[in-house]
Amino acid sequence: KKEKEPMGMKRFGQERFPEQYPAVLDEWADPVEEDDAEMSSIRPLLKNTNLETRKLRLIYDANRDGWDPTVFHSKVDKQSGGVVLCTTRAGIKCGGYNPKGVRVYFL
């Protein structure tokens, strides 16, 4: 039987660190009041992530900010967790979630 707090330390569990557990396919995150139309379209996919209830903001848009990797990294590097959403020329939407955000270091 597992102790609740071995040696006085709390267990590493899904309630405390949901982003460390796999995404679920049968549950959806609830809307957040501050979400605009675009953010509310991806909100349901953030169930069990550290972004589930946090306000989302668009920090980089290639059409607005330019298709330049230097500009991209100047805006997104060292931010908190994030979502990347892409739309192909054929209109297919794809993307990904990273709980730790983007951290790229150039030598």
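Here's a quick rundown of the structure.

The rules behind these values
Residues numbered from 1 in each chain as written. Predicted model: local features only at pLDDT ≥ 70, side-chain atom pairs only at ≥ 80, totals over all residues. Heavy atoms only, no water. Disulfide = S-S within 2.5 Å. Polar contact = N/O pair within 3.5 Å; in protein donor to acceptor, adjacent residues only side chain to side chain. Helix = DSSP H or I, 4+ residues; strand = E, 2+ residues; numbered from the N terminus. Pairing = 2+ DSSP bridges. Core = buried A, V, L, I, M, F, W, Y, C linked by side-chain atoms within 4.5 Å. Buried < 20%, exposed > 50% of the residue type's maximum accessible area, 1.4 Å probe, protein only. Contact = heavy atoms within 4.5 Å.

**Here's the deal with the state of the cysteines**
Any covalent bond linking the sulfur atoms of two cysteines counts as a disulfide.
And step 1. Applying the stated criterion to the full structure yields 0 disulfides.
And step 2. Note on Cys86: no disulfide assigned, nearest cysteine sulfur contributed by Cys94 at a separation of 4.9 Å.

**Section: helix α3 (residues 69-76)**
And step 1. Measuring from the side-chain oxygen of the N-cap residue of α3 to the backbone nitrogen of Thr70 gives 2.7 Å; that N-cap residue is Asp68.
And step 2. Phi turns positive one or two residues past the end of α3, at Lys78, with a value near 65°.

**Description of the pairing of strand β2 (residues 93-98)**
And step 1. Direction of pairing for strand β1 (residues 82-87) relative to β2: antiparallel, over a ladder of 6 bridges. Along β2, the bridge assignment pairs Leu85 with Gly95.
And step 2. Between β1 and β2, which follow one another and run antiparallel, lie 5 residues, and Gly91 among them has a positive phi close to 90°.

**Some remarks on unusual backbone geometry**
And step 1. Its identity as a non-glycine residue notwithstanding, Asn48 has a phi of 65°, on the positive side.
And step 2. With respect to the helices, strands and loops of the structure, Asn48 is situated in the loop between α1 (37-42) and α2 (62-65).

**Considerations on the nonpolar core**
And step 1. Counting 5 residues, the largest nonpolar core is built from Met39, Ile42, Leu46, Leu51 and Leu56.
And step 2. Discounting chain neighbours no more than four positions away, the residues touching Leu56 are Asp35, Met39, Ile42, Arg43, Leu46 and Leu51.

**What about the side chain of Arg43?**
And step 1. Residue position: Arg43 is located in the loop between α1 and α2.
And step 2. By relative accessible area, Arg43 is classed as buried at 1%.
And step 3. Within the structure, Arg43 has its side chain in polar contact with the backbone oxygen of Glu52 (distance 3.0 Å).
And step 4. A distance of 2.8 Å separates a polar side-chain atom of Arg43 from the backbone oxygen of Arg54.
And step 5. Those residues in contact with Arg43 that lie beyond four places of it in its chain are Ala29, Asp30, Pro31, Val32, Asp35, Leu51, Glu52, Thr53, Arg54, Lys55 and Leu56.

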